[in-house]
Amino acid sequence: MKLTTAQLIVRYLIKEKIPYVLGIFGHGNIQLAEALKEQEKSIRFIQVKNEQNGVHIAIAYAKVTGRPLAVTSSIGPGTTNMVTGAAAAFINRLPVLLLPGDAYAERIGPLLQQIEGRNTSEEMASDSLKPVSRYWFRVNRPEQLRQELPKAFEAMLKPGEQGPATICLPMDIQAESYDFDIDIILKERDRDWERISPDSRAIERAVQAIKKAKRPIIIAGGGVIYSQAWEELIKLAEHIVSPVIQTHAGNGTMLFSHPLNIYTVGPDGTLCGNNIAEKSDLIIGVGTRYTDFTTRSKTLFGRNAQFININTSPFDLVKERAIKLWGDAKITLELLYKKLKNEKFYRNEYYKEIQNERKKWINILEKITHEDTYPMTQARVIGVLNDFKKDDAVVVSAAGSLPGHLLRFWKNTDPTRKSYHVEYGYSTMGYEIPGAIGVKLAEPHRDVYALIGDASFLMQPQEIVTAVQEKIPITILVIDNGGAQVIRNLQKISGLSEFGNEFKFRDKKGKLNGKYLTIDFVKIAEGMGAKGFFVDTPEKLKIALGRARKIKDKPTLIHIKTEPGRKFPPGYNSWWDVPIPEVSKRKAVKESFRKYQIIKKKQVVR
């Protein structure tokens, strides 16, 4: 069948069961637009307002479903807008298909928005996507797609190496046709990747390490959720009497009330998590990358601690000089349990310690999330939402202080483990609203709450218009605390000057320490067609949440006034490696640098 390149791509997307294409059309991809229009009964185009947000919607959809969406852009700025989203997809190991338009393959130009003037005419704006793509290809002939389209899908869905696949589409090639053998190109292919099973020798090494350990601990990372391995992990944890800590990506592996759940560690950790983890002698990392927030910047786990890593990614598998179990989490955990099920583990004193630490933490959590002050604290907002939400409600967040608060204070009660959706791999400001849209597209029956700080909101608020346009009823909770308070707080606790983060007027002397700006987020939302509410007390917030739940045809924004300068919850025996200037005239900075040098020496770099 004679088809244009664009027509073939659209037919292939339909065959791959891609329900949505997101993007913005320009002169560099209206050829693809025409092909999508021809097939609009079979595939839906969603017009986003920024290409970065289109990728964010696709990321959120993939996180929930495991399946990719496609995102298209014109050439030039439309393409470079996608780079941030692609980086977030890459670091979070999530598939998304990127279809940027490109300059002519025949190289007549320069064109509008084409980058030129370098030593090679081959470099285009789309080259900026290479470092953040698992697969990258520029089409120079239509017939190349016969092999490159399947390769792109296999590359972005490969276990342990999921991520963006980029197919760059020169404008002339999109419009050019070829006589394609449709029966072969659209023939059903095997889309499934079999679960990887680790070598039996590695299993035996891990079994011996578990038997010798006195204080084992399990880290549940995103690999547990992607593998749907929470039941196997819990069964193993209960048998060997091991507490479980959870990363942002793995949060929800153990539901809130489980007696072995010590929640989280590191700078955003709980008191019970940090206290127990720092004394552990065996760490079983399941599907985790060991970021600085998990290892407390290499100061959490002792010098003599042993590690076992379960991972499908060889890159992550080798970290911390671990015993390497290269395999799928679900299969590997089950194999470990079968090898250990006849062993008896007498760790009664350890279990009692875990329960005592958990009890202390839950008391702290309840006090902080139900502390009534005026204005409200951010933690109080989370407490209200915890009490109001249904078990299957989803919270979406990404940047600022909210991820840390949510990791500590959000109560996971969803048996499907989809309740907690925080993008903290790349921590992209502005992810929250498009992320909530992506979740709602994937799971329309769930209540979806985008928790977003005022600084993050002002980065990317425009997808409210998309949610209005597509009648997507998400609820956006804007925490108005007068700016990027998390960084102001970081400056303060680091002994540095509190500078350049709050939303304040300049005073008469030209300094940024005047009165706080008054921003009406309700007016912004209503101006875009959404419903808006302003609240400043827990009671008003409960009422607004109830009203928002009843709105089914548009997004709702709740502007929540919180206390701007209030001190955040403490670090709970933690530390984060934020370098301090070695030279300063300020006494506070000198003292902070002295303390920094002391703690820095405690790092264990394996």
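Reading the values: the criteria
- Residues numbered from 1 in each chain as written.
- Predicted model: local features only at pLDDT ≥ 70, side-chain atom pairs only at ≥ 80, totals over all residues.
- Heavy atoms only, no water.
- Helix = DSSP H or I, 4+ residues; strand = E, 2+ residues; numbered from the N terminus.
- Buried < 20%, exposed > 50% of the residue type's maximum accessible area, 1.4 Å probe, protein only.
- Core = buried A, V, L, I, M, F, W, Y, C linked by side-chain atoms within 4.5 Å.
- Contact = heavy atoms within 4.5 Å.
- Axes fitted to C-alpha atoms, helices over the stretch in contact; angles between N-to-C directions.
- Parallel < 35°, antiparallel > 145°, perpendicular 65-115°, else oblique.
- Left-handed = near helix turned anticlockwise from the far one by under 90°.
- Nonpolar A, V, L, I, M, F, W, Y, C, P; charged D, E, K, R; others polar.
- Salt bridge = Lys/Arg side-chain N within 4 Å of Asp/Glu carboxyl O.
- Pairing = 2+ DSSP bridges.

## Topic: unusual backbone geometry
That bond from Tyr 374 to Pro 375 is cis: its omega, -5 degrees, falls within 30 degrees of zero. By the element assignment, Pro 375 lies in the loop between helix H15 (348-369) and helix H16 (378-388). The phi dihedral of Arg 296 is positive, around 55 degrees, even though this residue is not glycine. For Arg 296, the location among the structural elements is in the loop between helix H12 (292-295) and strand E12 (306-311). The exposure class assigned to Arg 296 is buried, which follows from its relative accessible area of 8%.

## Examining the nonpolar core
Counting residues in hydrophobic clusters, the biggest one holds 83 residues, and the most contacted among them are Ile 210, Ile 284, Val 286, Ile 308, Leu 336, Leu 451 and Ile 560. Sequence-distant contacts of Ile 210, that is, excluding residues within four places in its chain, are made with Ile 240, Leu 282, Ile 284, Ile 308, Leu 336, Leu 340, Phe 345 and Arg 347. Core analysis: the next-biggest nonpolar cluster, separate from the first, contains 49 residues, Val 55, Val 71, Val 396 and Tyr 431 among them.

## Here we look at the packing of helix H3 (residues 51-65) against helix H4 (residues 77-91)
Here H3 crosses H4 at 30 degrees, and the two axes come no closer than 7 Å. As summarised for this structure, H3 and H4 are arranged roughly parallel, according to the angle between their axes. Here the hand of the crossing between H3 and H4 comes out right-handed. Here Glu 51, Gln 52, Val 55, His 56 and Ile 59 of H3 come into contact with H4, specifically with Gly 78, Asn 81, Met 82, Thr 84, Gly 85, Ala 86, Ala 88 and Ala 89. Split by residue class, the contact of H3 with H4 holds six nonpolar, six polar and one charged.

## Describing the pattern of salt bridges
Using the criterion set out here, one finds 40 salt bridges in the structure. Put simply, Arg 67 and Glu 16 hold a salt bridge, and the shortest N to O gap is 3.8 Å. With Arg 67 in the loop between H3 and strand E4 (70-73) and Glu 16 in the loop between helix H1 (5-15) and strand E2 (20-23), this pair connects stretches of sequence that are 51 residues apart. Relative accessible area serves as the criterion here: at 26%, Arg 67 is assigned to the partly exposed category. The partner of Glu 143 in a salt bridge is Arg 141, and the shortest N-O contact between them spans 3.4 Å. Each of Lys 15, Glu 16, Arg 67, Glu 154, Glu 188, Arg 189 and Arg 191 takes part in salt bridges that share partners, so that together they form one network.

## Details of the sheet that holds strand E3 (residues 44-47)
The strand order across the open sheet built from six strands is E3-E2-E4-E5-E7-E6, with neighbouring strands paired in parallel fashion. At either end of the open sheet lies a strand with only one pairing partner, and these are E3 and strand E6 (135-138). With direction set aside, neighbouring strand axes in the sheet form an average angle of 20 degrees. As paired strands, E2 and E3 are joined by four bridges and run parallel to one another. Its bridge partner being in E3, Val 21 is matched across the sheet by Phe 45. Running over the sheet, H3 touches E2, E4 and strand E5 (96-102) and is turned about 175 degrees from E4. Packing against the sheet, H4 makes contact with E4, E5 and strand E7 (164-170), and its axis sits at approximately 160 degrees to E5.

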